[in-house]
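The primary structure of each chain is shown beneath.
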Amino acid sequence: MKPSPEARAEDLRAQIDEANYRYYVLDDPAITDAEFDALLRELIDLENEHPNLRTPDSPTQRVGAPPSERFAPYRHERPMLSLANAFDASELRAFDERVRKLAGAPVSYVCELKIDGLAIAVDYRNGVLERGGTRGDGSTGEDVTPNLRTVRTIPLKLRSPHPPFVEVRGEVYLRKSDFEKLNARREAEGLPAFANPRNAASGGVRQLDPALTAERRLSFFAYAIAGDVEGVRTQSEVLALLRRLGFRVNDHIEPAATIDDVIAFCARWEERRDELDYEIDGVVVKVDDLSTQERLGAVARDPRWATAFKFKPREARTKLRDIVITVGRTGTLNPNAVLDPVQIGGVTVRNATLHNAEYIASNDIRIGDTVLVTRAGDVIPRVVGPILAERTGRERIFTMPDVCPVCGSAVDHPEGEAMSRCTNAACPAQVVERVRHFASRGAMDIEGLGDVMAEQLTQLELVRDIADIYALDAKKLATVPRMGEKSIAKLLDAIEGSKARGLARVLTGLGIRFVGEQTAAILASDFGSIDALETADEAALQTSEGIGPEVAKSVRLFFDQRSNVKMIERLRRSGVVMEATTPRRAAAGRFTGKTFVLTGTLANLTRDEASALIEAQGGKVTGSVSKKTDYVIAGDAAGSKLAKAQEFGVTVLDEAGLRALLEA
Ligand code: IVH
């Protein structure tokens, strides 16, 4: 039976209040933003249909939840409004129609990216930062002045000339690169990782100890001034003024004369959101002219002159059916979530990573839980955590097996390491992965030896290690199901052809820990032959560019293992070339045709070193950013080149990002 409108409204209010409380007070959201929006929207619609149901304490009548009691209150002179949402083009058109009808005059818009952080306000008296606070319920937030002072992109002093008093509003957020670093640090310290940059930013702003806020390295984009400023007539002028006063204003701001331009802007940025170093969850569309804004006013919590176009959500909740283990190339036991299929941002997700046993335990994830799953860009989907309100008590706690699920050998969990490992180097799961890696494109590039073939060869025990690949013949391959004469000949040809790829590719293929394509190319060109490498000690290895103690140790460890030396000997006897073939500068070529620009100071590489690494892969390093630039590598104190890159939508990477690209 359908509930009465009264009952439904009450139910919706209870759900929204609970969600608000968990989000704002506990910092532990139980539902996704999209789910929250849907609840609120249903309640708004219901109240519009039945105005008598609208109570003064309805969540539609205010923004967010009351501030928690940890901080002094920060009262907003003018309410800090929130925004109505538009979820598709037709809702944008409806917004435009309403606006034009009410304005009674031609209207033009400004499109801004909707930064996924937390809204704050900062007051400046006589150009000096006086106090700052969170939005809270829109009329009273939390006074977090000392914390905001630690945010470097919030100026402590405005540039002159400036108005005697301004209240600046904007979004505090965490850059993706800073978020990754923060989580890596936390993981190393045994602290639970943050689910997303926004949670980390929001928790950061609301720390009781400003030193802890400072550690988060928060950033700020300014986007509004509360109240009038003499001589400023449009939102575009507001943004220009903010920039002049010394604030960071987002670069991707565009005027839009028509709603079609707005729709195009929204579509473009939904497509390109992953190119940015910060999360955005939509586009904010604002009427440009401030007097028109004034005339349009607000209803309840939302201004009539602006709307938020929301991108398709990239998190969703679903059931965690099981946790299965796969064994990686180096023997790591990787726990994977088996999920009830769920749509996230247009992709069906069935599996997600759970990282390691510690992650599962510290997030209290249990088999049978309803869980929150996120997917960011092309990153593997990740289980964020359980939705505790959905617990039934029938969930099962997961334990890491103490024997390898593939080969039954003992599992080792070294003290202080997150990963458990199968101790058997001959474990079929590891062999499959090693063979697959050895034959892959960046290594020996053996066509026809992909996932399935690697699996079959291992299963039939035709291949027990890499060197066995070169002992395959037509007779052996004929025992592989569905292998005809033609495909056998082709595969043997490909195997034969791989022998001449040279030392760099062999080294890559061996899968030595920390030795990716780039490092392999350097070692190959510096040492020239596998014999020279085999006898080099750690100090000698470290004389090579970019080879640190960790890599050197790992290389040594590999060659110190007798089984590896024997295997290499067998490779040699099969005719695999173990000498460097090409000089480093013409190596690999994964960056062939790609243009890079370096800016700012990198922590561990000089400009020349970074250039050499890029050029070694066939990339070109140039001095200035244009639309044709593929990557900008930005270090500390990056300046106008970074701004240019953002303007052109060029992918910006930090040093870690460059490393990842080189080693990918
Ligand atoms: S304007 C009345 N501009 O989105 C105007 N908000 O759902 C309200 N946000 O509370 C704010 N980027 O936290 C505006 N460029 C932007 C924004 C932005 C992110 C956030 C802000 C606001 C929420 C509205």
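None of these values were measured; they are calculated from a predicted model.

Remarks on helix α9 (residues 259-272)
Thinking step 1. Here α9 contains 14 residues, and its C-alpha end-to-end distance of 20 Å stays within 8% of the 20 Å for a straight helix at 1.5 Å per residue.
Thinking step 2. Along α9, the residues that are buried comprise Ile-259, Val-262, Ile-263, Phe-265, Cys-266 and Trp-269. Burial along α9 is one-sided: seen end-on, the buried residues are contained in an arc of 160°.
Thinking step 3. Where α9 is buried, its residues contact α3 (89-103), β3 (109-115), β9 (254-256), β10 (280-287) and β13 (306-310).

A word on the pattern of salt bridges
Thinking step 1. Applying the stated rule across the entire model yields 41 salt bridges.
Thinking step 2. Its salt-bridge partner being Glu-142, residue Arg-206 comes within 2.9 Å of it at the nearest N-O pair. One end of the pair, Arg-206, is in the loop between α6 (197-205) and α7 (210-215); the other, Glu-142, is in strand β6 (residues 140-142), and 64 residues separate them in sequence.
Thinking step 3. Residue Arg-570 is joined to Asp-465 by a salt bridge in which the shortest nitrogen-to-oxygen separation is 3.0 Å. Of this pair, Arg-570 sits in helix α21 (residues 562-573) while Asp-465 sits in the loop between α13 (451-459) and α14 (474-477); the two residues are 105 residues apart in sequence, bridging distant segments of the chain.
Thinking step 4. Look at Arg-570 and you get partly exposed, because its relative accessible area is 30%.
Thinking step 5. Sharing partners across several salt bridges, the network here consists of Arg-175, Asp-178, Lys-181, Asp-277 and Asp-654.

Points about the sheet that holds strand β8 (residues 219-226)
Thinking step 1. An order of β5-β4-β7-β8 is seen for the four strands of this open sheet, with the pairing classed as antiparallel. What marks the edges here is a single partner per strand, and that holds for β5 (128-134) and β8. Strand after strand, the sheet turns through a mean of 30° between neighbouring axes, direction not considered.
Thinking step 2. The strands that helix α8 (residues 235-245) touches are β7 (165-173) and β8; relative to β8, the one it contacts most, it runs at about 130°.

Observations regarding the pairing of β8
The side chains of a regular strand alternate, first on one face of the sheet and then on the other.
Thinking step 1. With seven of eight residues buried, β8 is to be regarded as a mostly interior element.
Thinking step 2. Pairing between β7 and β8: seven bridges, direction antiparallel. Among the inter-strand pairings, Arg-169 is bridged to a residue of β8, identified as Ala-224.

Quick notes on the pairing of β13
Thinking step 1. Of all five residues that make up β13, five are buried, and the element is covered over most of its length.
Thinking step 2. On β13, burial covers both faces: Ala-306, Ala-308 and Lys-310 on one face and Thr-307 and Phe-309 on the other are all buried.
Thinking step 3. Looking at chain direction, strand β2 (residues 85-86) and β13 are connected through two bridges and run parallel. Counted as the bridge partner of Ala-86 is Phe-309 from β13.

Notes on the packing of helix α12 (residues 428-439) against α13
Thinking step 1. It is the contact of α12 with α13, at a shortest axis distance of 9 Å, that shows an interaxial angle of 135°. The orientation of α12 with respect to α13, classified from their angle, is oblique. For α12 against α13, the interelement crossing comes out right-handed. Between α12 and α13, the contacting residues are Pro-428, Val-431, Val-432, Val-435 and Arg-436 on the first element and Asp-451, Ala-454, Glu-455 and Thr-458 on the second.
Thinking step 2. Within the contact of α12 with α13, the residues separate by chemical class into five nonpolar, one polar and three charged.

Re unusual backbone geometry
Thinking step 1. At the junction of Ser-160 and Pro-161, the peptide bond is cis and its omega measures out at -10° in the coordinates.
Thinking step 2. Here Pro-161 shows up in the loop between α4 (145-148) and β7.
Thinking step 3. For Asp-445, which is not glycine, the phi dihedral falls at a positive 50°.
Thinking step 4. With respect to the secondary-structure elements, Asp-445 resides in the loop between α12 and α13.

Focus on the site of the ligand
Thinking step 1. Lining the immediate surroundings of the ligand are 14 residues, of which Glu-112, Ile-115, Arg-135, Glu-171 and Lys-286 lie closest.
Thinking step 2. Ile-115 is positioned such that a nitrogen or oxygen atom in its backbone is 3.1 Å from a nitrogen atom of the ligand.
Thinking step 3. Between Lys-286 and the ligand, the recorded distance is 3.0 Å, taken from a side-chain N or O atom to a nitrogen atom.
Thinking step 4. Out of a free accessible area of 520 Å², the ligand has 88% covered by protein chains.
Thinking step 5. Mapped onto the shell around the ligand, the elements with two or more residues apiece are β3 and β10.
Thinking step 6. Of all the elements, β3 adds the most residues to the shell around the ligand, at four residues.
Thinking step 7. Counted by class, the shell around the ligand contains nine nonpolar, no polar and five charged residues.

Let's talk about the sheet that holds strand β23 (residues 595-599)
Thinking step 1. One open sheet accounts for four strands, arranged β24-β23-β25-β26; its pairing is parallel. Each edge of the sheet is formed by a strand with only one pairing partner; in this case those strands are β24 (620-622) and β26 (651-653). Looking at each pair of strands side by side, their axes are set apart by 30° on average, direction ignored.
Thinking step 2. Pairing of strand β25 (residues 631-634) with β26 involves three bridges; the strand directions are parallel.

A short note on the packing of helix α20 (residues 549-560) against α21
Thinking step 1. Here α20 crosses α21 at 75°, and the two axes come no closer than 5 Å. Compared by their axis directions, α20 and α21 come out roughly perpendicular. In this structure, α20 uses Phe-558, Phe-559 and Asp-560 to contact α21, whose residues at the interface are Arg-562, Asn-564, Val-565 and Ile-568.

Scoring rules and cut-offs
- Residues numbered from 1 in each chain as written.
- Predicted model: local features only at pLDDT ≥ 70, side-chain atom pairs only at ≥ 80, totals over all residues.
- Heavy atoms only, no water.
- Helix = DSSP H or I, 4+ residues; strand = E, 2+ residues; numbered from the N terminus.
- Expected span 1.5 Å × (residues − 1).
- Buried < 20%, exposed > 50% of the residue type's maximum accessible area, 1.4 Å probe, protein only.
- Arc of directions from axis to C-beta.
- Contact = heavy atoms within 4.5 Å.
- Salt bridge = Lys/Arg side-chain N within 4 Å of Asp/Glu carboxyl O.
- Pairing = 2+ DSSP bridges.
- Axes fitted to C-alpha atoms, helices over the stretch in contact; angles between N-to-C directions.
- Parallel < 35°, antiparallel > 145°, perpendicular 65-115°, else oblique.
- Left-handed = near helix turned anticlockwise from the far one by under 90°.
- Nonpolar A, V, L, I, M, F, W, Y, C, P; charged D, E, K, R; others polar.
- Near = heavy atom within 4 Å.
- Polar contact = N/O pair within 3.5 Å; in protein donor to acceptor, adjacent residues only side chain to side chain.
- Areas by Shrake-Rupley, 256 points an atom, 1.4 Å probe, with all protein chains shown as cover.

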